[in-house]
Amino acid sequence: MNIVPERHHPQASAKMENVHLAGEDDDIYSGFNDYNPFFDTEGLENDEGFQQAVKTSHGRRPPMTAARQKNFSLNRAQIGTAAGNRLKTGLVSSMGRPTTGLAVQDGSSARPMTAVRAAGFSSTGRGQSFDPLNQASKGPAPPLEMKNPDSPEEKIKQLERQVNDLIEESCFAHSRGEVPVALEKAKEAGRKERILVRQREQNSATEQINLDLTYSVLFNLANQYEINEMFTEALNTYQVIVKNKMFTNAGRLKVNMGNIYYKQRNYPKAIKFYRMALDQVPVNTHKEMRIKIMKNIGIVFVKMGQYNDAITSFEHIMTEQPDHTTAFNLILCYFALGDREKMKRTFQRLLQVDLNLDDEDKYLPHPEDKHANMVLEVIRNDSLRELEKEKKSAMERCVMAAAKLIAPAIEQSFTVGFDWCVDCVKQSPYTELANDLEINKAIMALKKKDFSQAIDVLKSFEKKDSKCAAVAAVNLSFIHFLQAEYPAAEKYAEMAMSSDRYNPSALVNKGNCLFTMGELEKAKEFYLEALRTEASCTEALYNLGLVNKKLGQLEPALDCFLKLHAILRSNPEVLYQIATLYDMLEDTPQATEWFMQLIGIVPTDPSILSRLGELYDNEGDKTQAYQYYFESFRYYPSNIEIIEWLGAYYIDSQFVEKAIHYFERAAVIQPNKIKWQLMIASCHRRSGNYQQALETYKHINKRFPDNTECLKFLVRLCSDLGLPDAQEYATKLKKAEKAKELREQRISSGSGSRTGSGRRARAVRDGEDEERLDSADSGRGGSGKRSRQGSSRGSALGSGRRRALPDASGPYEVEDQNVDASYVDPLGPAAERPKTAAKRRDVEDEFGDEELGDDLLPE
């Protein structure tokens, strides 16, 4: 074997001097921070040779000075690189160009080569910026040229921006409910758009017309016209869009035109445009839109009464894409035609409609998964969940309404039909609706006044789940309360509370029972608890106001009804209670204002009209009082109090003939009360019709022969008219007075004056009559009469009438106040009676028994 001797290469040995093995030194990264003076570039800027070499690739560096050569030779050993070796041989660079460098002089080592051109890296200091293209010498860039705002192109762009802004403002105004503002913005956008088109035509830029902008302007304008119910303008605008062939898919807007004709009740044209729109909608790509248009067509046919055509449209929809609304409309059509079997089949198809809702289990809490619970909190009430709830509630409403509609029609009786619907629901995916249908069955039985069946149905829920049992118990409590079976009502209210303590309806029923039993404070506590459970429980709030009113706490009661008025803005019962409370608080202006609001809602309520008349009468405004009393009389002509006030008003106004009409009506209503007969005769006397007055007094005497007032006026009239009947009536008067005195003596038993006893007896009789009248009016007059009984000031109406209304025994003329002292009894002076304990009453005192005024005494 030949052994090749190892050659020693001086360059290799020089290279190996700087090679360190890993084992020789622990720090393999040592030497990297050593500073080599050769790499000091601070002085290259002043090195002429280096600068010359940089400027040209062919120049040679002049010989270096001795100092630089020495420094270079000293450091050569540390530049053991391939580049340093190539400097000696004059090799070409990697780019193929001849390398530049320094010629070797006097055997000294050459300086390593530099680049032909600077790479751009800064080596002269930190203050110099990077500028490889030498752009700094050119100076700053010239400023951008300003666009001329008066140029046609710029004006066109500004107009386009203004039109778009106006369209957006119109849409935003419509979303805020500012419909007139939205229409004005849409009109202004239309004007600006027409100006824009004219400018483009003037600049010969018709090919640049923005059709999308024109379409948006016209469509928004037509939509705003429709919203403002300017249907003719909307149709004209839609017609402009539809007739323009440059607008793609504009024919679909015929649906909107059909909607406008539907609102105008022009159903044939509505169907025409719906069908035209249906023809222009592609069959395969816009299936859902076609279904909606067919729904509109079916609804229009229902409005026209063409149920067979509507059934054709609805049946097609149920075949292609069934939904609960269409199924319900189809049931209505079959119900109108009386087709029982198809009603049943369609009801079953309604129960098979899939709502495409996710499983409800995903909303159940996960006790062990905190992350899932956090996600559940987010999605439990989000917009998608609300949409699912809305779809489900709409489906339930359709099922319930359809069941109540067809139950009496599909079978011989309502009960059998409803039972069939309940059985169908139990076999469907909506089994939870079966209990609700049972409750509705009981409610329908209540509406038919079949209380026994309703109670039987509701009692069947006592052993079912707590929710249904609570609902049934609430209804049972209400039924027993209506039947005045208060212990049973309280029992079922407590059952409902035991099933669900936070059931506001059960708490209200319990409070109602206590209210009826007179335990107002306890009832108040239950009403307050119901309000704490559900702040919007209007029944609890109303009853709480009634309890406070009953307890005399008028201010808290007023607060309750004012809160309720904020919830129920136009409820007449709430307005009535507020007005009554203001009246009880003696705030007449507020009471009048609230009664006026109430009249705006129930303008034909006679009790409210009479209350307004009473308020104006108390204020002294007789004209306004007459207006409202007369309106009350028109709607309820049997109210004695109103009749009496109207008669007194005409007497005070010197229109005695008109007062006769009202007193005659009062005499018809109360034929056994002599007061009205005497008032009629008195009116005849006041009007100067003495003969008619005499006939009326004679008629009264036949019916009431013992009435001394009637006999006195008969004596006076016959004497004045020179009739021979005066003596006869005078004799009857004497007998009647004696009989009356004997009765009064017997009643008083010798104690007290006959005058006082007679007045007291007559006051008792009048009070009994008024009580009977009040009891009769309370059944007819409603809440208005009850409110007057509860007024703190009492009934001012009666007192006002008694002051204004003179009695039947008045004189012939109002201004004649004196008694004729020359009157001579044709029978001569009466024999002197023996003195008794009772004071003898004069003839004039007899007129006071009927509360007669002094002006009504005979002459």
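Structure shown above.
Reading the values: the criteria
- In this convention, every chain numbers its residues from 1, walking through the sequence in written order.
- Predicted model: local features are reported for residues with pLDDT of at least 70 only, side-chain atom pairs are reported and counted for 80 or more only, and whole-chain, interface and lining totals are derived from all residues.
- To obtain the side-chain values, all non-hydrogen atoms of the structure were included, while hydrogens and water were left out.
- Numbering of helices and strands starts at the N terminus; helices are DSSP runs of H or I of at least 4 residues and strands are runs of E of at least 2.
- The contact criterion used is simple: two residues touch if any of their non-hydrogen atoms lie within 4.5 Å.
- A pairing counts as a salt bridge when a side-chain nitrogen of Lys or Arg comes within 4 Å of a carboxyl oxygen of Asp or Glu.
- Here's how the labels work: a residue is buried when its accessible area is under 20% of the maximum for its type, exposed when over 50%, partly exposed in between, all with a 1.4 Å probe on protein chains only.
- As a rule, the C-alpha atoms of each element are fitted with a line to give its axis, helices using only the stretch in contact, and angles between N-to-C directions run from 0 to 180 degrees.
- Left-handed describes a crossing in which the near helix is turned anticlockwise from the far one by less than a right angle; the clockwise case is right-handed.
- Following the grouping adopted for this structure description, the nonpolar residues are Ala, Val, Leu, Ile, Met, Phe, Trp, Tyr, Cys and Pro, the charged ones are Asp, Glu, Lys and Arg, and the polar ones are all others, Gly among them.
- To estimate how far a helix should extend, the number of its residues minus one is multiplied by 1.5 Å.
- We define the nonpolar core as a collection of buried residues of types Ala, Val, Leu, Ile, Met, Phe, Trp, Tyr and Cys that are connected through side-chain atoms lying within 4.5 Å of one another.
- Surface patches are drawn from residues lacking salt bridges whose relative accessible area is over 30%; two like charges belong together within 9 Å, two nonpolar side chains (Val, Leu, Ile, Met, Phe, Trp, Tyr) within 5 Å.
- Using a 1.4 Å probe, accessible areas were evaluated by the Shrake-Rupley method; residue-level cover was limited to the displayed protein chains.
- Only rings of Phe, Tyr and Trp enter the pairing, Trp through its six-membered ring, and a pair is recorded when the two centres are within 6.5 Å. The plane angle decides the type: under 30 degrees is stacked, over 60 is edge-to-face, the rest tilted.
- Sitting over a ring, as applied to charges here, requires NZ of Lys or CZ of Arg to be within 6 Å of the ring centre and within 35 degrees of the ring normal.

K.L.:
Describe the side chain of Asn707, listing the residues and the values that go with them.
P.N.:
Within the secondary structure layout, Asn707 lies in the loop between α33 (690-703) and α34 (708-721). Discounting chain neighbours no more than four positions away, the residues touching Asn707 are Ile674 and Leu678.

K.L.:
Go over the pattern of salt bridges with me, naming the residues and quoting the values.
P.N.:
Using the criterion set out here, one finds 22 salt bridges in the structure. The salt bridge partner of Arg200 is Glu160, with a shortest N-O separation of 2.1 Å. A residue pair is termed long-range when its members are at least 10 positions apart, and Arg200 in helix α6 (residues 179-202) and Glu160 in helix α5 (residues 152-175) qualify at 40 residues. Take Arg200: its relative accessible area is 6%, and that puts it in the buried class. The partner of Lys287 in a salt bridge is Glu320, with the nearest N and O atoms 3.7 Å apart. Pair noted here: Lys287 is in helix α11 (residues 287-304) and Glu320 is in helix α12 (residues 307-320), with a separation of 33 residues, a long-range link. The exposure class assigned to Glu320 is partly exposed, which follows from its relative accessible area of 37%.

K.L.:
Please give an account of the packing of α33 against α34 that cites residues and values.
P.N.:
Orientation of α33 relative to α34, taken along the N-to-C sense of each, is 145°, at an axis distance of 10 Å. Regarding α33 and α34, the two cross each other, and that crossing is left-handed. On α34, the residues touching Ala693, Leu694, Tyr697, Lys698, Ile700 and Asn701 of α33 are Cys710, Leu711, Phe713, Leu714, Leu717, Cys718 and Leu721. In terms of residue class, the contact of α33 with α34 is built from 11 nonpolar, 1 polar and 1 charged.

K.L.:
Could you give an account of the environment of Ala523, naming the residues involved and the relevant values?
P.N.:
Locating Ala523 in the fold gives a position in helix α23 (residues 520-533). Once the C-alpha coordinates of Ala523 and Asn509 are considered, the two residues, 14 residues apart in sequence, prove to be 9.6 Å apart.

K.L.:
Break down α6 for me, with residues and values.
P.N.:
Taking 1.5 Å per residue, 24 residues should reach 34 Å; α6 reaches 35 Å between its end C-alpha atoms and fits that length. In the core, the buried residues of α6 are packed alongside α5 and α7 (211-227). Just downstream of α6 lies Ser204, where phi reads positive at about 55°.

K.L.:
Pulling in residues and values, what's your account of the environment of Glu521?
P.N.:
Here Glu521 lies in helix α23. Given the relative accessible area of 46%, Glu521 is considered partly exposed.

K.L.:
Tell me about the nonpolar core, and please be specific about residues and values.
P.N.:
One broad trend across soluble globular proteins is that nonpolar side chains are buried collectively. Core analysis: the biggest nonpolar cluster contains 72 residues, and Ile293, Phe347, Leu350, Val399, Ile406 and Val425 have the highest contact counts within it. Tallying contributions element by element places helix α16 (residues 383-410) first for this core, with 10 residues. Every residue in contact with Val399, bar those within four places of it in the chain, is listed here: Phe347, Leu350, Leu351, Val425 and Leu433.

K.L.:
Could you give me a rundown of a nonpolar patch on the surface, with the residues and numbers involved?
P.N.:
Residues Tyr690, Leu721 and Leu723 make up a contiguous nonpolar surface patch of about 220 Å² in total accessible area. If you trace the backbone, Tyr690 turns up in helix α33.

K.L.:
Residues and numbers for the packing of aromatic side chains, please.
P.N.:
Tallying each qualifying case throughout the model produces 21 aromatic pairs. Between Tyr650 and Tyr662, the aromatic rings sit 5.6 Å apart at their centres with planes inclined by 15°, giving stacked as the arrangement. In this pair, Tyr650 sits in helix α30 (residues 640-652) while Tyr662 sits in helix α31 (residues 656-669), placing the two residues 12 residues apart along the sequence. Here Tyr650 and Tyr662 have matching classes, each one buried. An aromatic cluster is defined as three or more aromatic residues linked by ring pairs; in this entry it consists of Tyr626, Tyr629, Phe630, Phe633, Trp645, Tyr649, Tyr650 and Tyr662. The lysine or arginine in question, Lys344, covers the ring of Trp420, its NZ or CZ lying 5.5 Å from the ring centre. Lys658 extends its terminal NZ or CZ atom over the ring of Phe655, reaching a point 5.4 Å from the ring centre.

K.L.:
Pulling in residues and values, what's your account of the environment of Ile297?
P.N.:
Mapped onto the elements, Ile297 comes out in helix α11. Ile297 sits 26 residues away from Ile271 along the chain, and the two C-alpha atoms are 5.9 Å apart. Discounting chain neighbours no more than four positions away, the residues touching Ile297 are Tyr274, Arg275, Leu278 and Ser313.

K.L.:
Explain unusual backbone geometry to me, using residue names and the numbers behind them.
P.N.:
Phi angles above zero are rare outside glycine, and Asn249 is one such case at about 60°. Within the secondary structure, Asn249 sits in the loop between α8 (231-243) and α9 (254-263). Among the residues examined, Asn249 registers a relative accessible area of 51% and is labelled exposed. At Ala484, a residue that is not glycine, the phi angle is positive and equals roughly 65°. You can see Ala484 is positioned in the loop between α20 (466-482) and α21 (486-499).

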